[in-house]
Amino acid sequence: MWKLTCPLAIALVLAGGSVAAQPVVSYSKSPAKFEDVRDDLKSAIEAKGLVIDYHAQIGRMLERTGGDVGSTKRLYVDAQAFQFCSAQLSRKTMEADPANVAMCPYTLVVYATASKPNEVIVAYRRPMKPGGGPASRSSLGEVEALLDKLARGAVGRK
């Protein structure tokens, strides 16, 4: 199920605007086990021949540091992020506009909240950059298509 994750996006839709303006896209799978969806996401990235440069343990960091910031609230069953690049897409994107280097690496997150432990979300930030020419917009669109395909695949939506 496609899920709006940004109040601004909801306001845009209600006002007749485009959902494409939302900065975060997410897909959910329920019922699901976090580990299964995480492993499916990791496998999907690697099956494309992409190398995961960084695997962030966001949920663990929040659990570890909660007391340091005065919080005892458990937010996630787990939350992790995978960062990677595509040499082909990155080169194309940055040849179109060198400022697109800010869009790399690409990140996909997977999480299950403490309040809904059997619903696993896979999400990404849209690679949006105002301005830029047609080649830049086109190549960023290809990056988004890759992120979207990987995210949908991890939750069983082709």
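Preceding block: the structure.
First, a word on what this report is: a plain description of the structure on this page. Just so it is clear, the model here is predicted, and its values are computed rather than measured.

### Focus on the overall build of the chain
- Along the chain, the regular secondary structure elements total five helices and six strands.
- Counting from the amino terminus, helix and strand elements in the chain follow one another as β-α-β-α-β-α-β-α-β-β-α.
- Looking at the 158 residues of the chain, the share that counts as buried comes to 35%.
- Pairs at least 24 apart in sequence give 69% of the contacts found in the chain among residues at least 6 apart.

### Concerning the nonpolar core
- V37, L41, I45, F84, L108, V110 and V122 are the most contacted members of the largest nonpolar core, which totals 26 residues.
- For this core, the elements supplying multiple residues, two or more each, are β2 (24-29), α2 (34-47), β4 (76-85), β5 (106-113), β6 (120-125) and α5 (134-154).
- Counting residues per element, this core draws most heavily on α5, which supplies six residues.
- Among all residues touching V122, those that are not within four sequence positions of it are V25, S26, Y27, V37, L41, V109, V110, A151, A154 and V155.

### Side note on the packing of aromatic side chains
- By the definition in use, this model includes two aromatic pairs.
- Consider the rings of Y76 and Y111, whose centres lie 5.7 Å apart with planes at 80°: the pair is edge-to-face. Here Y76 is found in strand β4, whereas its partner Y111 is found in strand β5, with 35 residues between them in sequence.
- Geometrically, the ring pair formed by F84 and Y106 is edge-to-face, given 6.1 Å between the ring centres and 75° between the ring planes. You can see F84 sitting in strand β4 and its partner Y106 sitting in strand β5, a full 22 residues away along the chain.

### Structural notes on the environment of M103
- By the secondary structure assignment, M103 is in the loop between α4 (87-96) and β5.
- When the C-alpha atoms of M103 and K129 are compared, they prove to be 8.6 Å apart, with 26 residues separating the residues in sequence.
- Once residues lying within four places of it in the same chain are set aside, the contact partners of M103 are P127, M128, K129 and L140.

### Here's the deal with the environment of P134
- For P134, the position within the fold is in helix α5.
- In sequence terms P134 and A96 are 38 residues apart; their C-alpha atoms lie 8.5 Å from each other.

### Looking at α2
- For α2, which comprises 14 residues, the first-to-last C-alpha distance of 20 Å matches the rise-based estimate of 20 Å (1.5 Å per residue) to within 8%.
- By the burial criterion, the buried members of α2 are F34, V37, R38, L41 and I45. All buried residues of α2 project into a common sector of 100° when viewed along the axis, lining one side.
- Contact partners of the buried residues in α2: β2, β3 (51-56), β4, β5, β6 and α5.
- G49 lies just past α2 and shows a positive phi near 80°.

### Quick notes on the packing of α4 against α5
- Orientation of α4 relative to α5, taken along the N-to-C sense of each, is 155°, at an axis distance of 8 Å. By the angle between their axes, α4 is roughly antiparallel relative to α5. As α4 packs across α5, the resulting crossing turns out to be left-handed. Along its contact with α4, which presents L89, K92, T93 and A96, the element α5 presents A135, S136, S139, L140, E142, V143 and L146.

### Some words on the pattern of salt bridges
- The tally for this structure, following the rule as stated, stands at eight salt bridges.
- Taking the shortest distance from any N to any O, the salt bridge between D39 and R38 comes out at 3.0 Å.
- Here R126 and E144 are joined by a salt bridge, their closest N and O atoms 2.7 Å apart. Of the two residues, R126 is situated in the loop between β6 and α5 and E144 in helix α5; the sequence distance between them amounts to 18 residues. The two residues R126 and E144 agree in class, both being buried.

What counts and what doesn't
- Residues numbered from 1 in each chain as written.
- Predicted model: local features only at pLDDT ≥ 70, side-chain atom pairs only at ≥ 80, totals over all residues.
- Heavy atoms only, no water.
- Helix = DSSP H or I, 4+ residues; strand = E, 2+ residues; numbered from the N terminus.
- Buried < 20%, exposed > 50% of the residue type's maximum accessible area, 1.4 Å probe, protein only.
- Contact = heavy atoms within 4.5 Å.
- Core = buried A, V, L, I, M, F, W, Y, C linked by side-chain atoms within 4.5 Å.
- Phe/Tyr/Trp six-rings, centres within 6.5 Å; stacked < 30°, edge-to-face > 60°.
- Expected span 1.5 Å × (residues − 1).
- Arc of directions from axis to C-beta.
- Axes fitted to C-alpha atoms, helices over the stretch in contact; angles between N-to-C directions.
- Parallel < 35°, antiparallel > 145°, perpendicular 65-115°, else oblique.
- Left-handed = near helix turned anticlockwise from the far one by under 90°.
- Salt bridge = Lys/Arg side-chain N within 4 Å of Asp/Glu carboxyl O.

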